[in-house]
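Structural overview
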Amino acid sequence: MQLNSMKQQDTVAVRLRPVAYVYVAINLAVVALLVSTVSPTLATAPAHATGSQEMASLR
């Protein structure tokens, strides 16, 4: 009885392995995208001053 149970678990593991690989690949792509959007330099002006200048230029 236990041999059959192990065989079923192996079958499920084999079927889920590609799903796990796709999940990991998608997560790595998201991390790469997020890391690529980070600026290596910090903003020199305070955020509130920059925001008010942008709003003033839009008006």
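Look above for the structure.
The paragraphs below set out a description of the structure included in this document. (Residues numbered from 1 in each chain as written. Predicted model: local features only at pLDDT ≥ 70, side-chain atom pairs only at ≥ 80, totals over all residues. Heavy atoms only, no water.)

On a plain count of helices and strands, the chain comes out with two helices and zero strands. Accessible area for the chain stands at about 5800 Å²; split by element, carbon and sulfur atoms hold 69% of it. (Helix = DSSP H or I, 4+ residues; strand = E, 2+ residues; numbered from the N terminus. Areas by Shrake-Rupley, 256 points an atom, 1.4 Å probe, with all protein chains shown as cover.)

Nonpolar side chains collect at one region of the surface, where V22, I26, V30 and L34 lie side by side and expose about 360 Å² of accessible area between them. With respect to the helices, strands and loops of the structure, L34 is situated in helix α1 (residues 2-37). On the accessibility criterion, L34 (52% relative accessible area) is exposed. (Patch = residues over 30% accessible without salt bridge, like charges linked within 9 Å, V, L, I, M, F, W, Y side chains within 5 Å. Salt bridge = Lys/Arg side-chain N within 4 Å of Asp/Glu carboxyl O. Buried < 20%, exposed > 50% of the residue type's maximum accessible area, 1.4 Å probe, protein only.)

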